[in-house]
Amino acid sequence: MPSLPKFPPRALSSFRRRLLAWFRANQRDLPWRRRRDPYRIWLSEVMLQQTRVAAVLPYYGRFLRRFPTVRVLGRAPLNDVLKHWAGLGYYSRARNLHAAAKVIVARHGGRFPRDHRAALELPGIGGYTAAAILSIAYGQPLAALDGNVARVLARLGAVRGDLRVPSRWHRLGQIAQELLAVRAPGEWNQAMMELGATVCTPRAPRCQACPVSHWCRAYALGIVNELPAKRVKRAPKRMSIAAAVLLDPRKRTLLVKNPGRQDGVLFSRMWQFPAVEVKTNPAEELAQHLQDSFGLRKEPLRALPGASHSVTYRQVVLLPFLARVERLPKKPGARAIPLGTIRAIPISSATRKIAAAAQQYVRS
Ligand code: SF4
């Protein structure tokens, strides 16, 4: 089970002082660090899940301009929220954020709850996010353990093995809590994350510039680049999805919502083109799907340029096809919109790629 060097109390104080001083002098100037508003901190923590800081920055500003408070967010239509999230990915985050805003307005007077249990009950809030928000916004002594922090701890303690094994992750959480500077928990959590993001990076950590190298076991043993151990990755799943851009004489196209499990993952449960996973003959299989699901006669399908798309462990080849039809089929859960206005509604980046291929063709 992982451990860290047992710090005598004075050494632990020096360790904490050194890291906090480094953070105060070197932290990046990020917009969510300028104010202690729990809503802004919450929003940043959600946007930063699985997403790089540089990718989040433009979305963060735009989102706050449109939804400056929890109340405004809670009142807004979900579609509007998704539209401001479009392109950032992992759309369940936006749905949960919106649902949690409603709960916060209804049960907590419009302010993110201070109570740990109440925070954990909100949609989309797990242990890490709750600890990060409550420590930074309210100074609560909760250590936040994410991938960056786990990597720092693993190197400090020369911890071997896959860090995501539940018992090991749990122990790392306990260690993070033991190290926490309880007088400045928010700053401490951010300092640990900042160290992991800028110095103790996954590849080529800058140990020469590290404020806590003196206490680092991996550095002393010369095994920094061996830690943490590589995760046992799920084998990538390759798949091909054929999608139909139906176009009527008024250049309107058909979009559908939540048609199937596979599609839900790929198209983030947003409006999408009719699509089906294909194996050997994409045009034929798609035509069959259009007939079975929409009652369309087997129309000639024109292949458009394909695109690749990755979602978690899935590597998807998108195969768009264009079909000109006299009339778009009518069906519950389907809507017709002008192809040229598709960007005005919330769609996933996979749907964007398909729409772009079709628009390119229609224009040329
Ligand atoms: Fe990470 Fe190197 Fe610092 Fe150790 S000395 S914590 S490996 S940057």
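Residues numbered from 1 in each chain as written. Predicted model: local features only at pLDDT ≥ 70, side-chain atom pairs only at ≥ 80, totals over all residues. Heavy atoms only, no water.

### Remarks on the site of the ligand
Next, step 1: The immediate surroundings of the ligand are formed by R155, V199, C200, C207, C210, S213, C216, Y219 and V224.
Next, step 2: Class assignment of the residues belonging to the shell around the ligand gives a composition of 7 nonpolar, 1 polar and 1 charged. (Near = heavy atom within 4 Å. Nonpolar A, V, L, I, M, F, W, Y, C, P; charged D, E, K, R; others polar.)

### A short note on the side chain of S44
Next, step 1: Examined against the element boundaries, S44 turns out to sit in helix α2 (residues 38-48).
Next, step 2: A distance of 2.8 Å separates the side chain of S44 from the backbone oxygen of I41, its partner in a polar contact.
Next, step 3: Non-local contacts of S44, meaning those with residues more than four positions away in its chain, are made with W32 and Y60. (Helix = DSSP H or I, 4+ residues; strand = E, 2+ residues; numbered from the N terminus. Polar contact = N/O pair within 3.5 Å; in protein donor to acceptor, adjacent residues only side chain to side chain. Contact = heavy atoms within 4.5 Å.)

### A closer look at the packing of aromatic side chains
Next, step 1: The full count for this structure, using the stated rule, is 7 aromatic pairs.
Next, step 2: The interplanar angle of 80 degrees and the centroid separation of 5.1 Å between the aromatic rings of W32 and Y60 together place this pair among those described as edge-to-face. Here Y60 lies in helix α3 (residues 53-66) and W32 lies in the loop between α1 (9-26) and α2, a separation of 28 residues in the sequence. In this pair, the class of W32 matches that of Y60, namely buried.
Next, step 3: Centroid distance W42 to F112: 5.4 Å. Interplanar angle 55 degrees. Geometry classified as tilted. In this pair, W42 is assigned in helix α2 and F112 in the loop between α6 (92-107) and α7 (116-120), connecting sequence segments 70 residues apart. (Phe/Tyr/Trp six-rings, centres within 6.5 Å; stacked < 30°, edge-to-face > 60°. Buried < 20%, exposed > 50% of the residue type's maximum accessible area, 1.4 Å probe, protein only.)

Interpretation note: all reported values are geometric properties and have no functional meaning in isolation.
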